[in-house]
Amino acid sequence: MFNDKNASSIQRDFQKGLDMDEKRRSREEERFLLRKQQRSQILKKRRVVLQAYDGVGRNYQPGHSDDSNDSQQIDKLSQETVFDYLFLHNHTYVKKRKKLKQLDEYVKGCQMDHEDTNYKCCLRIRQLLSIEKNPPTDQFEAAWALTNIASGSTEHTACVIRHNAIPAFVQLIETTQNEAVFEQALWALGNISGDSPECRNLVLDAGGLTKLIPRLEDLANPSDSKQTPLLRTVCWTLSNFCRGKPPPPRATIQKCVPALIPFLDSLDEEILQDATWAFSYLTDNDDDADDPLAIEPDMNDSQRIDFIQTSDALPKLVNLLSHSSPLIQHPVLRCIGNMVTGNDEQTQVDPQSALSQYTPQTNDTINDNNNKQRVLNCGMLKKLSPSLESSVNTIRKEACWTVSNITATNSDHVEQVIQANLIHPLIFLLTTGHAMVRQEAAWALSNATSIGTSKQVRFLVGQGLIPGLVKVLLESDHERTLAVALEAIRNICELGEKEKSLNGGVNACARFVEEGKGIDALEELQTRKLSEQIIDKAEEILRNYFEGDDKGFQSHDEREDELVVFNEGNDQSNRIKNKFEF
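This one's a predicted model, so the numbers in the text were calculated from it and none came from an experiment.

### Observations concerning the overall build of the chain
Okay, step 1: When its secondary structure is counted, the chain shows 34 helices and 0 strands.
Okay, step 2: Looking at the chain residue by residue over its 582 residues, the buried ones come to 50%.
Okay, step 3: When the accessible surface of the chain is totalled, it reaches about 27,800 Å², and 48% of it is carbon and sulfur.

### Concerning the environment of L542
Okay, step 1: Here L542 shows up in helix α32 (residues 532-545).
Okay, step 2: Using a relative accessible area of 1% as the deciding quantity, one classes L542 as buried.
Okay, step 3: For the pair formed by L542 and A510, sequence separation is 32 residues and the distance between their alpha carbons is 9.9 Å.

### Some thoughts on the environment of T341
Okay, step 1: Position of T341 relative to the elements: it lies in the loop between α19 (326-339) and α20 (344-347).
Okay, step 2: Classification of T341 as buried rests on a relative accessible area of 13%.
Okay, step 3: Measuring from C-alpha to C-alpha, the distance between T341 and I406 comes to 7.8 Å, with 65 residues separating the pair along the chain.
Okay, step 4: Side chain to side chain, T341 and N405 meet in a polar contact 2.8 Å long.

### A word on the packing of helix α31 (residues 518-525) against α32
Okay, step 1: At a closest axis distance of 8 Å, the pairing of α31 and α32 adopts a crossing angle of 145°. Helix-helix and strand crossings are classified by hand; for α31 and α32 the assignment is left-handed. Counting all contacts with α31, which are made through I519, L522, E523 and L525, the residues of α32 involved are I535, A538, I541 and L542.
Okay, step 2: Among the residues forming the contact of α31 with α32, the class breakdown is 7 nonpolar, no polar and 1 charged.

### Digging into the pattern of salt bridges
Okay, step 1: Counting across every chain of the model gives 19 salt bridges.
Okay, step 2: Put simply, E487 and R490 hold a salt bridge, and the shortest N to O gap is 3.3 Å. One end of the pair is E487 and the other is R490, both in helix α29 (residues 479-498) and 3 residues apart, which spans about a single turn.
Okay, step 3: A residue is classified by how much of its surface remains accessible, and E487, at 1% relative accessible area, is buried.
Okay, step 4: Ionic pairing is found between E487 and K537, a salt bridge with its closest N-O pair at 3.5 Å. Within this pair, whereas E487 is found in helix α29, its partner K537 is found in helix α32, the two being separated by 50 residues in sequence. Residue E487 shares its accessibility class with K537, and that shared class is buried.
Okay, step 5: Residues joined in a network through salt bridges with shared partners are R232, D268 and E270.

### A word on the packing of aromatic side chains
Okay, step 1: By the definition in use, this model includes 2 aromatic pairs.
Okay, step 2: Their ring planes at 25° and their centres at 6.1 Å tell us that W277 and Y281 sit as a pair that is stacked. Residue W277 and its partner Y281 are located together in helix α16 (residues 269-283), separated by 4 residues, close to a single helical turn.
Okay, step 3: By relative accessible area, which is 3% here, W277 ends up buried.

### As for the confidence of the model for the chain
Okay, step 1: Here the chain averages 75 in pLDDT, and 67% of its residues register 70 or above.
Okay, step 2: Element-level pLDDT for the chain is lowest in α20, with a mean of 32, against a maximum mean of 95 in α16.
Okay, step 3: Predicted confidence is poor over residues 4-18, with pLDDT under 50, and the contacts of this stretch with residues over four places away or in other chains come to 59 contacts.
Okay, step 4: For the stretch residues 549-582, pLDDT sits under 50, and the model shows 45 contacts to residues farther than four places along the chain or on other chains.

### Here's the deal with the side chain of S390
Okay, step 1: Position of S390 relative to the elements: it lies in the loop between α22 (385-388) and α23 (393-407).
Okay, step 2: For S390, a relative accessible area of 11% corresponds to the buried category.
Okay, step 3: Dropping the residues within four chain positions of it, S390 is found in contact with I395 and R396.

### A word on helix α15 (residues 250-260)
Because an α-helix completes one turn every 3.6 residues, residues spaced three or four positions apart along the sequence face the same direction.
Okay, step 1: Looking only at α15, the buried set comprises T252, I253, C256, V257, A259 and L260. Along the axis of α15, the buried residues cluster in a sector spanning 165°; they form a single face.
Okay, step 2: The secondary structure elements touched by the buried residues of α15 are α12 (197-205), α13 (208-216), α14 (228-242), α16 and α17 (301-309).

### Points about the nonpolar core
Okay, step 1: Within the largest apolar cluster, 125 residues are counted, with the highest numbers of intra-cluster contacts made by L238, F279, M380 and F546.
Okay, step 2: Per-element tally for this core: the top contributor is α29, with 10 residues.
Okay, step 3: Here M380 is in contact with V318, L321, I336, V340, V375, T402 and I406, once residues within four sequence places are set aside.

### Structural notes on unusual backbone geometry
Okay, step 1: In this chain, K245 is followed by P246 through a cis amide linkage whose omega measures 5°.
Okay, step 2: When you line up the elements, P246 lands in the loop between α14 and α15.
Okay, step 3: One non-glycine residue, N164, lies in positive phi territory at about 60°.
Okay, step 4: Taking the relative accessible area as the measure of exposure, N164 reaches 55% and is therefore exposed.
Okay, step 5: At N421, a residue that is not glycine, the phi angle is positive and equals roughly 60°.
Okay, step 6: Here N421 is to be found in the loop between α24 (411-419) and α25 (423-432).
Okay, step 7: A relative accessible area of 59% places N421 in the exposed class.

### Thoughts on the state of the cysteines
Okay, step 1: All told, the structure shown has 0 disulfides when counted by the stated rule.
Okay, step 2: As a non-bridged cysteine, C110 has C122 as the owner of its nearest cysteine sulfur, 5.1 Å distant.
Okay, step 3: For C110, a relative accessible area of 30% gives the class partly exposed.

Conventions adopted
Along each chain, numbering runs from 1 in the same order as the chain's sequence is written. It should be noted that, the model being predicted, local features are given only for residues of pLDDT at least 70 and side-chain atom pairs only at 80 or more, the latter also being counted only at that level, while totals for whole chains, interfaces and linings use all residues. Hydrogens and water molecules were not included; the side-chain quantities draw on all heavy atoms of the structure. Secondary structure follows DSSP: runs of H or I at least 4 residues long count as helices, runs of E at least 2 residues long count as strands, and numbering of each begins at the N terminus. Under the scheme applied here, a residue whose accessible area is under 20% of the maximum for its type counts as buried, over 50% as exposed, and between as partly exposed, the area being computed with a 1.4 Å probe on protein chains only. Methods summary: accessible areas were calculated by the Shrake-Rupley approach with a probe of 1.4 Å, and residue burial reflects only the protein chains presented. Here a polar contact means two N or O atoms within 3.5 Å. Within protein one must be a hydrogen donor candidate and the other an acceptor candidate, and residues neighboring in sequence count only if both atoms are side-chain atoms. Axis definition: a line fitted to C-alpha atoms, over the contacting stretch in the case of helices. Angles run 0 to 180 degrees between N-to-C directions. Take the far helix as the reference: if the near one is turned anticlockwise from it by less than a right angle, the crossing is left-handed, and if turned clockwise, right-handed. Pairs of residues are marked as contacts when any of their non-hydrogen atoms sit within 4.5 Å. Only Asp, Glu, Lys and Arg are considered charged, only Ala, Val, Leu, Ile, Met, Phe, Trp, Tyr, Cys and Pro nonpolar, and every remaining residue, Gly among them, polar. Take a side-chain nitrogen of Lys or Arg and a carboxyl oxygen of Asp or Glu: if they are within 4 Å of each other, that pair is a salt bridge. Each Phe, Tyr or Trp ring, with Trp reduced to its six-membered ring, pairs with another whose centre is within 6.5 Å; inter-plane angles below 30 degrees give stacked pairs, above 60 give edge-to-face pairs, and intermediate values give tilted ones. Every residue carries a pLDDT, the predictor's confidence in it, which falls somewhere between 0 and 100. Each direction from the helix axis to a C-beta atom contributes to the arc, which is the arc of those directions. To form a nonpolar core, buried Ala, Val, Leu, Ile, Met, Phe, Trp, Tyr and Cys residues must be joined to one another through side-chain atoms within 4.5 Å. In plain terms, two cysteine sulfur atoms within 2.5 Å form what is called a disulfide here.

What follows is the structure, given as structure tokens:
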């Protein structure tokens, strides 16, 4: 691909009630900034050190500064780095300060019709922006300088764009035979694209992806370690082409997906991270889809997911669920979870409503079912168990969220979750997990009680679901989690109500809730400072399933006395116990 062999390389949405969109967007921004900062780590350290130096002066002594802000800024750096720059390299710093005064002359020199002067002035400007020395060519110097600027703030990126840098970088991508220049130009386009969807579209419209694809055909296999640094930059840039909302246009997706698939076979974790996050971006829902003022994308969520699933990406992504690194598991779980997310009418269980009513299937819901079934056919559920048992809460949460999207579909999918032995891990996380994990586990199990068959719900009860739900009611302060747990208890009691005729007129499921101290938990909820919706829901369950037909509302002691009498009965009690023996 390159002639210069000596050139060196540089380097859910279904649960809208949970209000997770903003948090997810925030997490994505933080993840991107972290990766961007890693690529500019040396530059950023230098900037912070020089700023600190400017604030405290040449004669700064630790602990004697009158400016607390400067002191705090220095404290953010390691002492070794600060002393190294401030005291051991003062001469270099002063020398560069003098060069800054000549910046106008360097700029004029770059515009002269003299190649040697152009090169030397461009070299001086690049040296002021970076601490690296002796790069190979003037093209590389210019590209490196602009890359450093584009890695700064949004205004820095906008400045680079205003000076028509994008077409120049695209031309380098297409024509240069120098590997270092190619990588640097690609890095610059990645920085620009990652700043915002608008900047990304400017790069795409200028032919950034179109000119890159033919060059990728000459690259070696992504598993070739010799080209790993260059391949990292390529994959990172492709990932930024996929990032942002609204999503990129259809033509971009149709080119990026085939280009990204080979990177899923890489042995390099950094490449795998960027490749899997790219697919996560493409499968994420478009938050602006319901905005009447937003420009409608030419490929909706379901169509993008369908395109990815019918490519070779799906089995590779499912296999990566078994990867040992949480940094790989996280984007893969997010991607798989996006794929199995149906629309709101199909998948959301409203914890404030009665039993979900049947919703006629539309083309979108049929596509959603097809999308889920494709993922399940790849053996996703069997590979999900290690994620549920992970020591990382984020991984557990994403795994529970993925299962909740499966159990929200139909009883056949609930049965597949049961057959994959995922119910017991979910109940364990419901009772012992972190708050954010417990919430998603509650959704997964509550969905199953709402949409599952009578046999499936009885199986959940036999696995210990009721004690887990009761523990959530007693220990959780998160109202959404409480609402979901209350909905599951109501679903269980409603099943017992429907089957009273089979159990001698007794609601056996309600009895199990009572024996599991569910009544105590429901009564205790009414004494806490919670919303009226939660208190009313708890009172409704007590009134509908635990209040005598011809008696007033019973106290806890009265119910215990009645339970003792009931258990002392011979035939009736034994028949119920035999009927619900798991």
